[in-house]
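Structural overview
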Amino acid sequence: MLAPILGALAMLAGVLTTWIVNTRPASEQDPDARFWYVFTGACVAAPLVLGATVIDRWIGVATLAAVAGTVLAANKYSCRIFRIRVAAEHESILAAEHSALAARHEWVLRAWSRYELDPEAAINHPSMNDVSKPPTAALVRALAAAEDIRHHRQEHASGGADADYRQAVLDLEAAFRHAQLAAEWMPGDAAGIPNNVLHIESADRLRPC
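None of the values given here were measured: they were computed from a predicted structure.

Scoring rules and cut-offs
Residues numbered from 1 in each chain as written. Predicted model: local features only at pLDDT ≥ 70, side-chain atom pairs only at ≥ 80, totals over all residues. Heavy atoms only, no water. 1 Å grid on protein atoms, 1.4 Å probe; cavity = no way out; pocket = protein on both sides within 12 Å on 5 of 7 lines; lining within 4 Å. Points joined across faces, edges and corners; volume = space filled by probe spheres on them. Helix = DSSP H or I, 4+ residues; strand = E, 2+ residues; numbered from the N terminus. Axes fitted to C-alpha atoms, helices over the stretch in contact; angles between N-to-C directions. Parallel < 35°, antiparallel > 145°, perpendicular 65-115°, else oblique. Left-handed = near helix turned anticlockwise from the far one by under 90°. Contact = heavy atoms within 4.5 Å. Nonpolar A, V, L, I, M, F, W, Y, C, P; charged D, E, K, R; others polar. Phe/Tyr/Trp six-rings, centres within 6.5 Å; stacked < 30°, edge-to-face > 60°. Lys NZ or Arg CZ within 6 Å of the ring centre and 35° of its normal.

Let's shift gears to the layout of surface pockets. The calculated volume of the largest pocket comes to roughly 180 Å³. If you go around the largest pocket, you meet 13 residues; those closest to its centre are T17, T18, V38, A42 and V71. When residues of the lining of the largest pocket are traced back to their parent elements, those giving at least two are α1 (2-28), α2 (33-55) and α3 (57-117).

The structure is reproduced here in structure tokens:
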């Protein structure tokens, strides 16, 4: 009766060792951890197999074969579970990155909408709504490109477009900054004086003597 118990314990030790070897070293980031886990598991399982063999040779042989089979099965199962976990973590990272990019995208949309919804901003910076101006036209194209990539990703539920979406958001932010900078200068003014300077000069002229 003792030999089967030793055999069962040897199989359990083999399964646990295989599971730990396939799951723990990656999280611990220790290159020597795998070796020490295997070594420890072997030190536990080998005496159990040897004890079962001493008690009953045939049970010892069956135990050895059973340990080998369970180790192979546990290795296959644990590797699959580990791949699923890594894929889920990767998907979570991509989702978080996409959410951050979408937030930056929305920020540009809200910032640009101010030049349409706020009368003061629209009057002070009319070129922000004038697509005949090259910076504004470039901004509109960047907005369309970013929105198209985001819409395509939502339709197909795929993370493959994240690199393209990241670049589109970067281009959109750069185009918005360029359009804002260009809007600070009045295109029709030959001297190239910024709007805020013109407002100050106009106020000075209207000031009573």
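Helix α6 (residues 162-183) packs onto α3 with a crossing angle of 25° between their chain directions and a minimal axis gap of 10 Å. As summarised for this structure, α3 and α6 are arranged roughly parallel, according to the angle between their axes. The handedness of the crossing between α3 and α6 is left-handed. Where α3 approaches α6, its residues L94, E97, H98, L101, A102, R104, H105, W107, V108, A111, W112 and Y115 are matched on the opposing element by D162, Y165, R166, V169, L170, L172, E173, F176 and Q180. Taken together, the residues of the contact of α3 with α6 break down into 13 nonpolar, three polar and five charged.

So, on to the packing of aromatic side chains. In this structure the tally under the stated criterion is one aromatic pair. Aromatic side chains W107 and F176 sit 6.1 Å apart centroid to centroid with 90° between the ring planes, which places their arrangement in the edge-to-face category. Placement of the pair is W107 in helix α3 and F176 in helix α6, with a sequence separation of 69 residues. Over the face of the ring belonging to Y115 we find R114, whose NZ or CZ atom lies 4.7 Å from the ring centre.

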